Amino acid sequence: MTIQEQRHADHDDDVITEVTQEEFREAAYAALDRLGLTYAELRDMARRREFTSAQAQSLWVSIGGALDL
């Protein structure tokens, strides 16, 4: 993954990293693969509010609804 731009925000310890839509999609698929889930399975967990792990819930917070994977 290439970083398009990395800059400091208004706060000293905040860093904003911008990626392309393709890079975001690739990262999302990689994270789903690591968890052994499909996007449809993760979306269903979110709908039911019953995640199989804290990692799955965290991934949904990060990518949920952002892309139609």
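What you see is a predicted model, and the numbers here were worked out from it, not measured in a lab.

Reading the values: rules and limits
- Residues numbered from 1 in each chain as written.
- Predicted model: local features only at pLDDT ≥ 70, side-chain atom pairs only at ≥ 80, totals over all residues.
- Heavy atoms only, no water.
- Axes fitted to C-alpha atoms, helices over the stretch in contact; angles between N-to-C directions.
- Helix = DSSP H or I, 4+ residues; strand = E, 2+ residues; numbered from the N terminus.
- Parallel < 35°, antiparallel > 145°, perpendicular 65-115°, else oblique.
- Contact = heavy atoms within 4.5 Å.

A. Examining the packing of helix H2 (residues 39-48) against helix H3 (residues 54-63) more closely. One can describe the packing of H2 onto H3 by two numbers: an axis separation of 10 Å at closest approach and a directional angle of 100°. Of the possible angle classes, the one that applies to H2 and H3 is roughly perpendicular. Across the interface between the two elements, Tyr-39, Leu-42, Arg-43, Met-45 and Ala-46 of H2 pack against Ala-56, Leu-59, Trp-60 and Ile-63 of H3.

B. Geometry of the environment of Glu-41. Tracing the backbone shows Glu-41 in helix H2. In this structure, the C-alpha to C-alpha distance between Glu-41 and Phe-51, residues ten residues apart in sequence, is 9.7 Å.

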